[in-house]
Every structure is written in structure tokens, then in C-alpha cells.
Amino acid sequence: MKTKISAKTGHFIDDQAIADVLAKSHAPASSEVLEILAKARELHGLSMADVATLSLVTDPGLLEELFHAARFVKESIYGRRMVLFAPLYISNLCANECLYCAFRAKNTAIKRRALNQEEIARETEILINQGHKRILVVAGEAYPENKGLQYILDSIATIYKVKSGNGEIRRVNANLAPLPVEEFRLLKEAKIGTFQIFQETYHRPTYAQMHQAGKKRDFDWRVTGMDRAMEGGVDDVGIGILFGLYDWRYEVLAMLQHIAHLEDVFGVGPHTISVPRMEPATGSNISINPPHPVNDDDFRKIVAIFRLAVPYTGIIMSTRESAQMRAETFALGVSQISAGSRTNPGGYSTEEDPMDSSQFSLGDHRPIDEVVLDLIHLGYIPSFCTGCYRLGRTGADFMDMAKPGLIKSHCDPNGVSTFLEYLLDYASPQTRKEGMELADKIVLTMPPLARERAEKQAALVKAGKRDVYC
Ligand code: SAM
Ligand code: SF4
């Protein structure tokens, strides 16, 4: 019987169990790796011991096998879809002192700004006119004029209210500080999509060292944030690790413990995992010299391992990474990406030097149309779908459909219809031409039910109807 009561401490992060698994793992024999990969191809996920073993693979031939398996799982579950979104930084005020972040309270090297509702509406309009349908609201942990959560609730309402041309934002996600259960309930009423909290590091001593002041110092409050979100009815939650703070092998295993805890108590794990790598931030020495930097080879391996270990959880890749690294990890498991991002409040409507008020520097500066064209060249369908959330297929309901493979007959047609909306309303002529050709080709490869729905929805969009989903 599931209790569904939030944990008060991070007791589910069991250092000893992680140390035991890591101590037992050794440079694995190829037969052992191949056996684990065969298991992963059954799409039921992997144990901590399996993941620890895979994390030690260095042999180039075996690594290629690992990547093949990740590609197989990615294609089996997500097909050729890639979901796009844009972050909207509404405020860089913050009372915390996270040593890696430009927004930390004592950093005097950046300009502080909290957008008012008119400014938020203006930024939203710009994003709508670029073709976005999903926004991720981001803010530091201090709200203007002591408005508290009301500032966030007002901002979400503002974003949903803006209409421009044929477009509007259809799903607002958020990456904010953890909240009490009652406030999560208010966010649910405000129609929040996914709520993200990155633990940064699951390693308590490193966490204490990196978070020097403010409420974020409380490891237990943060690590139990997703429990409270679930208890408050926000059942699409996103978790993440800031890679570079501590040993990545430890972090990946600890995150699996976090996921197991959520599945155990609430019957569903996270909707998404984010894998930010530390990027240089103004006024942060740690961000320039992270204590445990993750190199590109290990980074690809991390994405592939997550894809195999938690096959039904989306993996998000932000514009922290270069276009090249993003493209490589699409094949290995990434299912959602940001595009055309700015990490400074007001960044879409001002021309100021972004480093003056940005959170960190970006690796991929391309506008959305270039990102979309690149996806087309790679054979992916850029999707702006918000169907599941709109129809209440969230949390356990989503997973119940995803695990037996039922969700594809919704995702594929919705991917195509939202892609067509983008092409017809926002794309450059070249992107439109190449995209229409790809969409027509991909529909023909879909299984019968998905194809029937996709053809019907595509015809409606081409005839001028918008917001068509199943
Ligand atoms: N203030 C809230 C918090 O800390 O949870 C939410 C927003 S915070 C701006 C979003 C995330 O940015 C953090 O969780 C952290 O992982 C990431 N971040 C901070 N500094 C970074 C850096 N230098 N490079 C990459 N990501 C960074
Ligand atoms: Fe503030 Fe979040 Fe940056 Fe920490 S990571 S300083 S809490 S904005």
C-alpha cells in the first residue's frame, strides 16, 4: 500500500549502498556488459549495480555497443520526435549563495532585474512569435517586493494570457526553488506543467560546501521537494544534477535512488531528467574551475546510461552545450531541448550584453529556426506538442500509457501537427520547404493508428485549424 506522504529527510540517498556498489564494480568483462545491454533493450530499466558496471566501460568497442543500445531504446520509445521549449528568466534576484551561479546573493558583478508583468508579457509575445508553445519559467530564490509565490502565480497567468497571431503558450513549466505542499497546490491550480528542481549534488559534504547561505543550504528541504510537489498534486516533476560538482558516478547512482524513492512512495518517477554541465558564470570561480569536471566522453556515456536505466523518463538537453554535442546526444537519448535561449531576465527583448545579467554562458546561440532546420537535416520531427498535459495525461497516468508503448500513437501525430503549425506560421522558406517534405515522409513510416491520426491532424492544420491534438 503506497503511503503518498512526503519524506522529511533525504534518508533515501544511501551513501553506504552507493559506496558498496561502486566498490564491487570493476573494469567489466565484455560478456557482462553485453548481458546488461541485452537486458536494457527489453525497456524495463536497469539496477544500480548494472549502471555502476556500465559507468566503468572504457573499451571503445564496448562503448559503441552501449551507444547502440541507447539509440535502440531512444528510437523504440521516442521515435524521431524532439520536443522544443524556451526558458523564460523572469528574475535574477536571489538570497542564496550557490558558489557556481552568477545569481548568488553576494555577486556584485551582475545587474539585478525582476521583470514586471508587462515585461513578462512582452518576452512571452516574442517567444510566441518565434514559434514556441512551451515555456520554462526560471527565477532565483527571492521574489520582488516580497510578493512570494504570488509573483510566480501572476507570471504564469500573464504568460497563458498572451495571444499573438495564431499562437499562444500552451504549457508553462517551471524551474524554481522547492516549495511547501500548500504552495505546490496553488501552482497546480495555476496549471503548471512540469516542476523542476535540480539537486545539484546528492553528496551532502559537497552540497554543504557549495551552498554557503540562504534556504538552499538545507539539503533535506531540497531533496524532498519532489515529494511535496507530488503530495500537492504536481505529478510531472523534473530532476537534475549539476555535473562538475562531484564524482559523476556517485551522482548517477544517487539519482537512481531518488527515482526509486519517488516510484516507491508515489507510484511514479520523474517526468524528466536534466543533465546540466557547469558553464562559466560571471563572478563564480568555481564555475570556471569545477572540482569534478565531466569530459565529453563521460558526458555522452551519462546520457546513454540514463536512457537505458530509466527508458520512459524524458532527458532534457539545454543550450549550455554546443550544437555539436547536442546533436550527438539526441541519438543517445535526449528527448527535449531548449532553443534560442537567453538566461538573463528580459533577454529576448533587450540587446544588452547578456553577461551583464545572465546566469551562465551558453554553448548554442542559434535562433530557433536554425535549430529546427538542423533537426530536420538529422531526420528528427521538431515537436511543440502539449497534448498529454492538456488532456490530463500526467504523472502515473502518463507512465501507464508510456510503458506498454501506447503513448506513441498520440506523440507521433501530435508531433507532426505541431511541427506543421510551426512550419506554416513561423518558419523561414527553406525550413518550411524541407520540413514539409520530411513531415510527409515520416507520416508514411508510422504504424496504422498513428498514421491515420497524423494524416487527419495534418490535413486540419494545412486547412488553417490550429491546436489540433489527440
Ligand atoms: N533558483 C532556483 C534553484 O536554484 O533551484 C531555480 C533556478 S536556477 C537559476 C536553475 C539551475 O541552474 C540550478 O538548479 C543549477 O543547476 C543551474 N546552474 C546554476 N549555475 C550554473 C552554471 N554555472 N552552469 C550551469 N548551470 C548552472
Ligand atoms: Fe540562486 Fe538558483 Fe543561482 Fe542558487 S542556483 S544562486 S538558488 S538562482
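As a further point, take the overall build of the protein chain. Tallying secondary structure elements over the protein chain gives 20 helices and 11 strands in all. For 470 residues, the compact-globule formula gives about 23 Å, and the C-alpha radius of gyration of the protein chain, at 21 Å, lands near that figure. Taken along the three principal axes of its C-alpha coordinates, the protein chain extends 60 × 60 × 45 Å. Evaluated residue by residue, the protein chain yields a buried proportion of 61% over its 470 residues. Contacts in the protein chain between residues far apart in sequence, at least 24 positions, make up 76% of those at least 6 positions apart. Carbon and sulfur atoms make up 53% of the accessible area of the protein chain, which totals about 18000 Å².

Next up on the list: the packing of aromatic side chains. One pass over the full model with this rule turns up 8 aromatic pairs. Centroid distance Phe184 to Phe195: 4.9 Å. Interplanar angle 85 degrees. Geometry classified as edge-to-face. Within this pair, whereas Phe184 is found in helix 7 (residues 181–189), its partner Phe195 is found in strand 6 (residues 192–200), the two being separated by 11 residues in sequence. For the pair shown, Phe184 and Phe195 are each scored as buried. These aromatic residues form a ring-pair network of at least three members: Phe384, Tyr422 and Tyr426. The ring of Phe72 has Arg41 sitting right over it, with the charged end atom 5.1 Å from the ring centre. Seen from the ring of Tyr380, Arg80 lies directly overhead, with NZ or CZ sitting 4.5 Å from the centre.

The next subject is unusual backbone geometry. Of note in this structure, Glu145 is not a glycine but carries a positive phi near 50 degrees. Positionally, Glu145 belongs in the loop between strand 2 (134–139) and helix 6 (149–161). On the basis of relative accessibility, which here comes to 67%, the residue Glu145 falls in the exposed class. Residues other than glycine seldom take positive phi values, yet Asp467 does so here, at roughly 60 degrees. Structurally, the position occupied by Asp467 is in the segment after helix 20 (448–462). In this structure Asp467 comes out as partly exposed when scored by relative accessible area, which is 25%.

Side chains that differ in sign of charge can pair as their charged atoms come close. This model, assessed by the stated rule, comprises 26 salt bridges. Its salt-bridge partner being Arg81, residue Asp412 comes within 2.9 Å of it at the nearest N-O pair. One end of the pair, Asp412, is in helix 18 (residues 408–425); the other, Arg81, is in strand 1 (residues 81–91), with 331 residues separating them in the sequence. Like Asp412, the residue Arg81 is buried in the burial classification. A salt bridge links Arg366 to Asp374, with the shortest nitrogen-to-oxygen separation between them at 3.1 Å. Note on Asp374: relative accessible area 24%, which makes it partly exposed. Connected via shared salt-bridge partners are Glu168, Arg170, Arg390, Glu421 and Asp467.

Near ligand 1, the surroundings consist of 21 residues, among which Glu200, Lys216, Arg222, Glu279 and Gln359 are the closest. The backbone of Glu279 places a nitrogen or oxygen atom 2.8 Å from a nitrogen atom of ligand 1. At a separation of 3.0 Å, a nitrogen atom of ligand 1 approaches a polar side-chain atom of Arg320. When the free accessible area of ligand 1 is taken as 560 Å², the share hidden by the protein chains comes to 97%. Counting only elements with at least two residues in the shell around ligand 1, the list comes to strand 2 and strand 6. Here the shell around ligand 1 is built from residues that sort into 11 nonpolar, 4 polar and 6 charged.

This part covers the nonpolar core. One finds Leu54, Leu66, Phe306 and Leu308 to be the most contacted residues of the largest nonpolar core, which totals 136 residues. Counting residues per element, this core draws most heavily on helix 11 (residues 248–266), which supplies 11 residues. Counting the residues that make up this core, at least three belong to each of domain 1 (75–383) and domain 2 (402–462). Each residue touching Leu308, except ones within four places of it in the same chain, is listed here: Leu37, Ala40, Gly45, Leu46, Leu54, Leu66, Ala69, Ala70 and Val73.

Side chains Gly314 and Ile316 project from strand 9 (residues 314–317) onto one buried face, and the interleaved Ile315 and Met317 project onto a second face that is buried too. Strand direction decides the pairing type here: strand 9 and strand 10 (residues 336–338), joined by 2 bridges, are parallel. Bridge pairing in strand 10 places Met317 opposite Ile337. Running through helix 14 (residues 323–332), the crossover from strand 9 to the neighbouring parallel element strand 10 is right-handed.

Lining the immediate environment of ligand 2, one finds Cys94, Asn96, Cys98, Tyr100, Cys101, Phe103, Arg104, Gly140 and Lys216. Class assignment for the residues of the shell around ligand 2 results in 5 nonpolar, 2 polar and 2 charged.

Attention shifts here to the packing of helix 5 (residues 117–130) against helix 6. Their axes nearest at 9 Å, the elements helix 5 and helix 6 cross at an angle of 40 degrees. As summarised for this structure, helix 5 and helix 6 are arranged oblique, according to the angle between their axes. Our pair here, helix 5 against helix 6, has a crossing hand that is right-handed. Across the interface between the two elements, Gln117, Ile120, Ala121 and Thr124 of helix 5 pack against Tyr151, Asp154, Ser155, Thr158 and Ile159 of helix 6. Of the residues contributing to the contact of helix 5 with helix 6, the split by class is 4 nonpolar, 4 polar and 1 charged.

When cut into domains, the protein chain gives domain 1 (75–383) and domain 2 (402–462). With centres defined by C-alpha atoms, the gap from domain 1 to domain 2 works out at 27 Å. Interface area, domain 1 with domain 2, both sides summed: about 1900 Å², of which 57% is carbon and sulfur. Its largest share of buried area at the contact with domain 2, domain 1 owes to Arg81, Tyr312 and Ile381, together 28% of the area lost on that side. Put simply, domain 1 and domain 2 have 2 salt bridges between them. Our count for the contact surface shared by domain 1 and domain 2 stands at 9 residue pairs in polar contact (both at pLDDT 80 or more). Elements represented by at least two residues in the side of domain 1 that touches domain 2 include exactly helix 4 (60–78), helix 5, helix 15 (368–377) and strand 11 (381–383). In terms of residues, the side of domain 1 that touches domain 2 owes the most to one element, helix 15, which gives 6 residues. A breakdown of the residues in the side of domain 1 that touches domain 2 according to their chemical character gives 10 nonpolar, 11 polar and 6 charged.

Reading the values: rules and limits
- Here the residue index of a chain counts from 1 through its sequence in written order.
- Just so you know, chain letters begin at A and ligand numbers begin at 1, following the order they were written in.
- In view of the model being predicted, local features appear only for residues whose pLDDT reaches at least 70, and side-chain atom pairs are presented and counted only at 80 or more, with totals across whole chains, interfaces and linings using the full set of residues.
- For the side-chain quantities, the full set of heavy atoms in the structure was used; hydrogens and water were omitted.
- Helix and strand assignments come from DSSP, with helices taken as H or I runs of at least 4 residues and strands as E runs of at least 2, each series counted from the N terminus.
- For the radius of gyration, the atom set is restricted to C-alpha positions; the globular benchmark scales as 2.2 Å times the number of residues to the power 0.38.
- Relative accessibility decides the category of a residue: with a 1.4 Å probe and only protein chains considered, values under 20% of the type maximum give buried, values over 50% give exposed, and everything between is partly exposed.
- We call two residues in contact when some of their heavy atoms are within 4.5 Å.
- For the accessible areas, the method is Shrake-Rupley and the probe is 1.4 Å, while residue cover comes only from the protein chains on display.
- Stacked, edge-to-face and tilted labels apply to pairs of Phe, Tyr and Trp rings (six-membered ring for Trp) whose centres lie within 6.5 Å, assigned for plane angles under 30 degrees, over 60, and everything in between, in that order.
- The criterion for a charge sitting over a ring is simple: Lys NZ or Arg CZ within 6 Å of the ring centre, and within 35 degrees of the ring normal.
- We define a salt bridge as a side-chain nitrogen of Lys or Arg found within 4 Å of a carboxyl oxygen belonging to Asp or Glu.
- Proximity criterion: a residue is near a molecule or strand once any of its heavy atoms comes within 4 Å of it.
- For the purposes of these results, a polar contact is taken to be a pair of N or O atoms within 3.5 Å, where, inside protein, one atom must be able to donate a hydrogen and its partner to accept one; residues adjacent in sequence count only when each atom of the pair is a side-chain atom.
- Note on residue categories: nonpolar means Ala, Val, Leu, Ile, Met, Phe, Trp, Tyr, Cys or Pro, charged means Asp, Glu, Lys or Arg, and polar means any other residue, Gly included.
- Residues grouped as a nonpolar core are buried Ala, Val, Leu, Ile, Met, Phe, Trp, Tyr and Cys residues, joined through side-chain atoms within 4.5 Å.
- Where each domain begins and ends is defined by an automated method or by a domain database.
- Pairing between strands is defined by DSSP: at least two bridges between them are needed.
- Seen with the strands pointing away from the viewer, any crossover whose path from the first strand over the helix to the second strand runs clockwise is right-handed.
- Angles run from 0 to 180 degrees between N-to-C directions of axes, and those axes are lines fitted to C-alpha atoms, restricted for helices to the stretch in contact.
- Any angle between 65 and 115 degrees counts as roughly perpendicular, while under 35 counts as roughly parallel, over 145 as roughly antiparallel, and the rest as oblique.
- Note on convention: near helix rotated counterclockwise from far helix by under a right angle means a left-handed crossing. Clockwise means right-handed.
- Summed over both partners, the accessible surface that disappears when two parts come together, traced with a 1.4 Å probe, is what is meant by buried area.

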